[in-house]
Amino acid sequence: MRDFIDNAPQLRTTSSNELSGRRLRWHAAVLFSVALALFVADLRGWLQPAHSLVEQLLAPSTMRLTHLHDATRDAWQGLFAWQQVQQENIALRQQISQLQAELVLREQAVVENARLREQLAIQEQRPWSLIGAEVTVRTPDVARRVITISRGAADGLVAGMAVVGQTGTGPVALIGVVETVNQRTASVLLTTDFGNRLSVRVVHQGESTLALMQGQWQRGSRLRLEQAEQSSLLQKGAIVVSAGLTGKLAFDLPLASVPEGIPIGVIDAAANDGNDRYADVRPYADPDQVRYVWVILSRDE
Amino acid sequence: MGDPQPRRVEVRIIIELARIAGMIVLALVQVTLMPMLGGVPVPLVLLWLLCWLLVQIEMHGTLARTALVLRLAFYGGVALDFLTAMRLGSHALALMSAIVLAALLCGQLRVELLVLAIPALAGAVLVYAVGLALIYHSTTIALEWQPYAVAVLAPAIALAVLVGMPLYLMMRWRLRS
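Computed from a prediction, not measured in an experiment: that's the story for all the values here.

Engineer: Mind showing me how you'd approach the sheet that holds strand β11 (residues 276-283) of chain A here?
Structural biologist: The strands that make up a sheet pair up through hydrogen bonds in the backbone, lying either parallel or antiparallel. Residues and elements named next belong to chain A. With antiparallel pairing, the six strands of this closed barrel are ordered in space as β6-β7-β8-β11-β10-β9. Here the strands of the sheet are splayed against their neighbours by 40° on average, with no regard to which way each runs. Summarising the sheet, strand β8 (residues 223-226) and β11 pair through three bridges and their orientation is antiparallel. Paired with L223 across the two strands is V281, which belongs to β11.

The following block contains the structure:
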């Protein structure tokens, strides 16, 4: 009897713990079920209007906070910058940028001339119709390399359009492709994401080679060229531009909107192993650093 | 004076709405203000919830606040999905799985929680990151797991422990004092 009396509080605690445990399991089961139901519903596209509405509502806040973040980062970096060196650095970078831009255009022009095509079109260095957009959300987690921009279907955006940007004083270059479009916002899958594959043209010393480019962030790198034509070797320093093959071949795919000739980057390291041709590419514009981007709405013929 | 029962329900609703608002703010901070260290983003929502869970387990026992943290993980996850154009429920599932793992780990092992904090953080971040990657793998494109583990998972876990431990110690000190 005494044992029972002594153990009574313990029995009550055990019973209370069992009750809490059951409640917790029930709670977890409900929450997991709701999350799973949301996931399936969104996968089937039933929640797209809600997605679009909430993103539109949150866009002003995210844009302001992203600007605040950028301003803070700039101020922090400014504390450690040596002003004179910085100015010299900027001047040199501008010079390099101009030279790089000229080099890209010259290499492309050599190829175009060699094939006797569109000689007049070369004078129009960038025959694109563009629309500018703020970056409102940058890559937020380890799953995907994606950014959200402040333009959407209302501005004429559709999935598959090319997005270009500039970091530092480098040339304007491809940073991603529009993936999903809401009324006022759009998400852009960055070129560095593993899911991003594009046909590209490698231009070097008057020759051009077609290849496939794929993002490599999930594999610890940036961009990689594969499946290059076997007729020529890939070389370090060669320039990589978009090939626009999907559009040329008139495939009814979103990527048909990506025009040819958009600068992407330069080959950092190349390997020509038997019939295999592959290379690592250093992008001209770092997609993680861009603050303002331009979407190529159309190519002016 | 009125019946006290309806007032309690009202208060509960207000508290729950405040929690939802808090998680939205935390998710906003994660996607806009948090810096990327070495190209790896800091999963602030996950770290905050984990550290709070660890402190609560230490103070009140395993079962006391886990249900609440799970609910907060659900709110934060849905907010992150809206902010990052991911499928709704993706972050919620990954976050809740991580929380369940941390609660199980800390509830089963009778070790000083200060010692358990590092493996709990690392394990939970691993579950979170693998969960998100699995969703990406199954809905978008097949990932190559070995390079992904080396290039993304390992830095993400190291960063989470580096940022999470000071956060945990700060919360622990603050709630204890």
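Further notes follow.
Engineer: Can you walk me through the pairing of strand β5 (residues 186-190) of chain A in this structure?
Structural biologist: For a regular strand, side-chain orientation follows a simple rule: the groups alternate between the two sheet faces. All names here are of chain A. Across the five residues that make up β5, a large majority, five, are buried. The side-chain alternation of β5 yields two buried faces, one formed by A186, V188 and L190 and the other by S187 and L189. As judged from the four bridges shared by strand β2 (residues 146-149) and β5, these two strands associate in the antiparallel manner. For I147, the partnering residue across the bridge sits in β5 and is V188. With antiparallel pairing between neighbouring strands as the criterion, strand β4 (residues 173-181) and β5 make up a hairpin whose turn holds four residues.

Engineer: How should I be thinking about the packing of aromatic side chains in this particular structure?
Structural biologist: To describe a pair of aromatic rings, you give the distance between the ring centres and the angle between the ring planes. One pass over the full model with this rule turns up four aromatic pairs over all chains. Between W48(B) and W52(B), the aromatic rings sit 6.1 Å apart at their centres with planes inclined by 10°, giving stacked as the arrangement. Of this pair, W48(B) and W52(B) both sit in helix α2 (residues 44-60), four residues apart, which is roughly one turn of the helix. Residue W52(B) is classed as buried on the basis of its relative accessible area, which comes to 15%. Here the aromatic rings of F74(B) and Y75(B) are separated by 6.3 Å at their centres, their planes lie at 65°, and the arrangement is edge-to-face. Comparing F74(B) with Y75(B), the two get one shared label, buried. Over the face of the ring belonging to W217(A) we find R145(A), whose NZ or CZ atom lies 3.8 Å from the ring centre.

Engineer: Whenever I open this one, the confidence of the model for chain B confuses me. Can you help?
Structural biologist: Residues and elements named next belong to chain B. With 92% of its residues at a pLDDT of 70 or more, chain B shows a mean pLDDT of 86. Helix α3 (residues 66-83) holds the highest mean pLDDT among the elements of chain B, 92, whereas helix α1 (residues 4-32) holds the lowest, 86. Both scores are available for the predicted complex, with the pTM at 0.70 and the ipTM at 0.85.

Engineer: What am I meant to see in unusual backbone geometry here?
Structural biologist: Note: most peptide bonds trans; most residues except glycine with negative phi. All names here are of chain A. Despite not being glycine, Q205 has its phi angle at roughly 45°, a positive value. For Q205, the position within the fold is in the loop between β6 (197-204) and β7 (207-215). Located in the positive-phi region is Q227, a residue other than glycine, with phi close to 50°. Tracing the backbone shows Q227 in the loop between β8 and β9 (239-242). We classify Q227 as exposed; its relative accessible area is 62%.

Quick notes on the rules
Residues numbered from 1 in each chain as written. Chains lettered and ligands numbered in written order. Predicted model: local features only at pLDDT ≥ 70, side-chain atom pairs only at ≥ 80, totals over all residues. Heavy atoms only, no water. Pairing = 2+ DSSP bridges. Helix = DSSP H or I, 4+ residues; strand = E, 2+ residues; numbered from the N terminus. Axes fitted to C-alpha atoms, helices over the stretch in contact; angles between N-to-C directions. Buried < 20%, exposed > 50% of the residue type's maximum accessible area, 1.4 Å probe, protein only. Phe/Tyr/Trp six-rings, centres within 6.5 Å; stacked < 30°, edge-to-face > 60°. Lys NZ or Arg CZ within 6 Å of the ring centre and 35° of its normal. pLDDT = per-residue confidence, 0-100.

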